[in-house]
Amino acid sequence: MIGGINLNSTSKRVVLITGSSRGIGKAIAEEFAKLGDNIVINYIVSDNEAGRVKKELEKKYGVSVLCIRADVTKEEEVSEMVDCIIDTYGRIDVLVNNAGIAIDKEFDDRTIKDWKDTLTTNLIGPFIVSRCCGRYMLKRGGKIINIASTNGINSFFPTSVDYDSSKAGLINLTHNLALQYKPYINVNCVAPGWVNTDMNKDLPLDLIEEEKARIYKGRFAEPKEIAKVVVFLASDAADYINDVVIKVDGGYQ
Ligand code: NAP
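Quick caveat, the model's predicted, so the values are computed rather than measured.

Criteria and thresholds
Residues numbered from 1 in each chain as written. Predicted model: local features only at pLDDT ≥ 70, side-chain atom pairs only at ≥ 80, totals over all residues. Heavy atoms only, no water. Axes fitted to C-alpha atoms, helices over the stretch in contact; angles between N-to-C directions. Helix = DSSP H or I, 4+ residues; strand = E, 2+ residues; numbered from the N terminus. Parallel < 35°, antiparallel > 145°, perpendicular 65-115°, else oblique. Left-handed = near helix turned anticlockwise from the far one by under 90°. Contact = heavy atoms within 4.5 Å. Nonpolar A, V, L, I, M, F, W, Y, C, P; charged D, E, K, R; others polar. Buried < 20%, exposed > 50% of the residue type's maximum accessible area, 1.4 Å probe, protein only. Pairing = 2+ DSSP bridges. Right-handed = clockwise from strand over helix to strand, strands pointing away. Near = heavy atom within 4 Å. Polar contact = N/O pair within 3.5 Å; in protein donor to acceptor, adjacent residues only side chain to side chain. Areas by Shrake-Rupley, 256 points an atom, 1.4 Å probe, with all protein chains shown as cover. Salt bridge = Lys/Arg side-chain N within 4 Å of Asp/Glu carboxyl O. Phe/Tyr/Trp six-rings, centres within 6.5 Å; stacked < 30°, edge-to-face > 60°. 1 Å grid on protein atoms, 1.4 Å probe; cavity = no way out; pocket = protein on both sides within 12 Å on 5 of 7 lines; lining within 4 Å. Points joined across faces, edges and corners; volume = space filled by probe spheres on them.

K.L.:
Go over the packing of helix α1 (residues 23-34) against helix α2 (residues 47-61), please, and point to the residues and values.
P.N.:
Direction vectors running N to C along α1 and α2 enclose 25 degrees, while the axes themselves pass 10 Å from each other. Relative to α2, the element α1 lies roughly parallel. You can see that α1 and α2 cross each other, and the crossing is right-handed. On the side of α1, the interface is formed by Lys26, Ala29, Glu30, Ala33 and Lys34, while α2 contributes Val53, Glu56, Leu57, Lys60 and Tyr61. Grouping the constituent residues of the contact of α1 with α2 by class yields five nonpolar, no polar and five charged.

K.L.:
I'd like a description of the pairing of strand β2 (residues 38-43), backed by residues and values.
P.N.:
Summarising burial for β2: six of the six residues are buried, a large majority. Residues of β2 alternate between two faces, with Asn38, Val40 and Asn42 on one and Ile39, Ile41 and Tyr43 on the opposite face, all of them buried. Where strand β1 (residues 14-17) meets β2, four bridges bridge the pair, whose relative direction is parallel. Within β2, the position partnered with leucine 16 by the bridge is valine 40. Traced from β1 through α1 to β2, the parallel crossover comes out right-handed.

K.L.:
Before we move on, can you summarise the site of the ligand with the specific residues and values?
P.N.:
In the vicinity of the ligand, 32 residues are found, and the nearest of them are Ser21, Val45, Ser46, Tyr163 and Thr197. Contacts to the ligand include isoleucine 44, whose backbone N or O atom sits 2.9 Å from an oxygen atom. Burial of the ligand by the surrounding chains reaches 95%, relative to a free accessible area of 910 Å². Listing elements by their share of the shell around the ligand, those giving two or more residues are α1, β2 and α5 (161-181). Tallied by class, the residues present in the shell around the ligand amount to 15 nonpolar, 13 polar and four charged.

K.L.:
For the pattern of salt bridges, give the residues involved together with the corresponding values.
P.N.:
Within this structure, the stated rule accounts for 19 salt bridges. Put simply, arginine 131 and glutamate 75 hold a salt bridge, and the shortest N to O gap is 2.9 Å. With a gap of 56 residues between them, arginine 131 in helix α4 (residues 112-140) and glutamate 75 in helix α3 (residues 75-89) connect regions that are remote in the sequence. The residue aspartate 117 makes a salt bridge to lysine 113 at a minimum N-O spacing of 2.6 Å. Remark: lysine 113 and aspartate 117 occur in helix α4; sequence separation between them is four residues, near one turn of the helix.

K.L.:
Can you lay out the sheet that holds β1 for me, pointing to particular residues and giving the numbers?
P.N.:
Read from one edge of the open sheet, seven strands run β3-β2-β1-β4-β5-β6-β7, paired in parallel fashion. In this open sheet, the two edge strands, each paired with only one partner strand, are β3 (65-69) and β7 (245-248). The average undirected angle you get between the axes of adjacent strands in this sheet is 15 degrees. Relative to strand β6 (residues 185-192), strand β5 (residues 142-147) is paired through six bridges, and the arrangement is parallel. Paired with isoleucine 147 across the bridge in β6 is valine 190. Running at roughly 170 degrees to β1, α1 makes contact with β1, β2, β4 (94-97) and β5 of the sheet.

K.L.:
Before we move on, could you go through the side chain of asparagine 146 and cite the residues and values that matter?
P.N.:
Inspection of the secondary structure puts asparagine 146 in strand β5. Relative accessible area serves as the criterion here: at 0%, asparagine 146 is assigned to the buried category. The contact partners of asparagine 146, leaving out residues within four places of it in the chain, are Asn97, Leu170, Thr174, Leu177, Val187, Asn188, Cys189 and Val190.

K.L.:
Before we move on, could you go through the packing of aromatic side chains and cite the residues and values that matter?
P.N.:
This model, assessed by the stated rule, comprises two aromatic pairs. Each ring, one from phenylalanine 157 and one from tryptophan 194, has its centre 5.8 Å from the other, and the planes form 65 degrees; the classification is edge-to-face. On the criterion of sequence distance, the pair formed by phenylalanine 157 in the loop between β5 and α5 and tryptophan 194 in the loop between β6 and α6 (205-214) is long-range, its members being 37 residues apart. Here phenylalanine 157 falls in the buried class, since its relative accessible area comes to 15%. Residue classification places tryptophan 194 among the buried residues on the basis of a relative accessible area of 17%. Ring-pair connections join several aromatic residues into one group, and the members of that group are Phe157, Trp194 and Phe220.

K.L.:
Now, about empty space enclosed by the protein: what can you tell me, with residues and values included?
P.N.:
All told, the structure shown has one cavity of 30 Å³ or more when counted by the stated rule. Put simply, the largest cavity is a space of about 30 Å³. As for the largest cavity, its lining consists of Thr18, Val72, Asn97, Asn98, Ala99, Thr121, Gly125, Pro126 and Val129. With four residues, the single largest contributor to the lining of the largest cavity is α4. When its residues are assigned to classes, the lining of the largest cavity shows four nonpolar, five polar and no charged.

Written out as structure tokens, the structure is:
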């Protein structure tokens, strides 16, 4: 053990999940940990939550977990994060671009800053992290999975106009990255519908009921229901699945 990292476990995959201190990212980290993979938890402000996730996964699954604070929108911080992963494990096998933000505001109140913050985190962030990791992943092959949203496909809200555009952009980025990295890295996209996380904790109750009525399954997803699809895309069973977008929305009209 060096610095809390179990170096004996390097035969397992090394999986970086951006934005994994909470919500869907945390659930993705747990699903990979169940398989015994080495996990890299990334976050921007939630030191305590990230530390708790690390302890929990190490204790429950006996895996090696590295916690790295880095803002995905800042190239230098991303580069330092990737250097730290390479120094620790020597490689990156799977990247999940999950970190994202949604700013809840009425259409008329939305500012250019809101647009820039949203696009920078949700779209430019995945580009920065993918390019930085891609340089290492190309050597051995690997998997990149982007977490977009059905808001980028078929569910639109004027109150999240910039978010919806950022997720449509992330779907397009998926296609470009798949082309750029062929045939060595599979690049796919998961587009969740509504999921029970902090992102939706302040939704008005009437909107929740209206949206549940539109979902064929009649409820929001739990984070692990998204995570299991991500783990499948990263598995050998999905080796010939490339450049696809999988909606995980329970059916929605
Ligand atoms: P969440 O609970 O709000 O968690 C967001 C995560 O992203 C946190 O770990 C946060 O870190 C991290 N993060 C935010 N900005 C970051 C940055 N600049 N650099 C690094 N990390 C950053 O969100 P969620 O609901 O789990 O959503 C995860 C992803 O799924 C997002 O891309 C979201 O758009 C997408 N999605 C969510 C839903 C849904 O209904 N919840 C539906 C479709 C798609 P801190 O804890 O440090 O703040």
